[in-house]
Amino acid sequence: MQHRIVKKQYNSKLCFICGLKNGSGLQASFYETEGGELIATFTPSDEHQSYPGRLHGGIASAILDETIGRAILVGREEEIWGITIDLSLSYKKPIPLGVELKVVGRITEENSRFFHGTGEIVLPGGEVAVTGKGKYLKAPLDKIADFDRDAQEWAVVASERDPEIIDI
Ligand SMILES: CCCCCCCC(=O)SCCNC(=O)CCNC(=O)[C@H](O)C(C)(C)COP(=O)(O)OP(=O)(O)OC[C@H]1O[C@@H](n2cnc3c(N)ncnc32)[C@H](O)[C@@H]1OP(=O)(O)O
């Protein structure tokens, strides 16, 4: 299925998932789709392995957590930040290293205090490797962390690799 991209989300400096200067991290990109979902793309490297040649399950959990958590921002002008309070995963296929993976997330339920979402990590051939669902507490950013947007280089960073369409 083809997903038309309507917006790229912010990256940061050192976040393990989205920090562009975290050499050990995933340096993932996040794209909002016309259909109201969020797609992350990243290519895991040898540093992210569990058993040789396979992505560590904790790292799979981390990218799913962030993709579902960021899905609350899709199509909004206002900022909503989430704190993960419950996350469950089902690991269905091993995930290889060194190939681009796609992670899809969406919000399934929302009220004034919480949001819930689901997501999946999809292999290059289209098979679903991991599914997840999470519950997040909404909170203002200054209640979650001391976050200096300039120091954290929190910005949308355009790249010539940014796709107009993602095929999954
Ligand atoms: C947009 C960017 C997306 C980013 C995605 C990535 C986000 C992250 O990685 S966050 C890091 C991982 N998460 C954490 O470290 C959270 C650790 N936990 C905490 O700090 C605290 O439990 C905290 C602040 C969430 C809540 O604590 P506290 O303020 O004392 O509230 P508390 O009264 O215990 O619970 C508040 C409500 O949440 C519910 N809740 C708390 N924990 C859970 C849980 N594990 N499962 C379900 N519900 C829960 C409670 O039932 C309660 O609901 P209600 O008021 O309706 O009865």
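One can find the structure itself at the top, above this paragraph.
Just so we're clear, the structure is a prediction, and the values are computed from it rather than from any experiment. (Residues numbered from 1 in each chain as written. Predicted model: local features only at pLDDT ≥ 70, side-chain atom pairs only at ≥ 80, totals over all residues. Heavy atoms only, no water.)

**A word on the overall build of the chain**
Note the following rule: Helix and strand definitions follow DSSP, with helices as H or I runs of at least four residues and strands as E runs of at least two, each counted in order from the N terminus. Two things to know: the radius of gyration comes from C-alpha atoms, and the globule rule equals 2.2 Å times the number of residues to the power 0.38. For the exposure calls, accessible area comes from a 1.4 Å probe over protein chains only, and a residue counts as buried if that area is under 20% of its type's maximum, exposed if over 50%, partly exposed in between. Working rule for contacts: check all heavy atoms of both residues, and any pair within 4.5 Å makes them a contact. Shrake-Rupley sampling with a 1.4 Å probe provides the accessible areas, and residues are treated as covered by the protein chains on show and by no other component. Lys and Arg are tallied as positive, Asp and Glu as negative. Neither His nor the chain termini are counted. To locate a charge, take atom NZ for lysine, CZ for arginine, CG for aspartate or CD for glutamate.
Across its full length, the chain carries two helices and eight strands. Ordering the α and β elements of the chain from the N terminus gives β-β-β-α-β-β-β-β-α-β. Its C-alpha radius of gyration of 15 Å places the chain within 12% of the 15 Å reference for a compact globule of 168 residues. Dimensions along the principal axes, computed over C-alpha positions, put the chain at roughly 40 × 35 × 30 Å. With 168 residues in all, the chain has 40% of them scored as buried. Contacts in the chain between residues at least 24 apart in sequence constitute 66% of all its contacts with a sequence separation of at least 6. Of the roughly 9100 Å² of accessible surface on the chain, a fraction of 48% belongs to carbon and sulfur atoms. The distance from the centre of the 19 positive side-chain charges to the centre of the 25 negative ones in the chain is 4 Å.

**Some thoughts on the site of the ligand**
Counted only if it meets this: Consider each residue's heavy atoms; a residue with any of them within 4 Å of a molecule or strand counts as near. Within 3.5 Å is the distance limit for a polar contact, defined as a pair of N or O atoms, with the added protein rule that one can donate a hydrogen and the other accept it, and that residues adjacent in sequence qualify only through two side-chain atoms. Each residue is assigned to one of three groups, with Ala, Val, Leu, Ile, Met, Phe, Trp, Tyr, Cys and Pro labelled nonpolar, Asp, Glu, Lys and Arg labelled charged, and all others, Gly among them, labelled polar.
Contacts to the ligand come from 14 residues, most closely from D65, T84, I85, R113 and K135. In the model, a nitrogen atom of the ligand is placed 3.2 Å from a nitrogen or oxygen of the K135 side chain. Considered on its own, the ligand offers 1200 Å² of accessible surface; in the complex 44% of this is hidden by protein. Of all elements in the fold, only α1 (57-70), β4 (81-91) and β7 (128-139) reach the threshold of two or more residues within the shell around the ligand. Among the elements that line the shell around the ligand, the one with the most residues is β4, at five residues. The residue makeup of the shell around the ligand, split by class, is five nonpolar, three polar and six charged.

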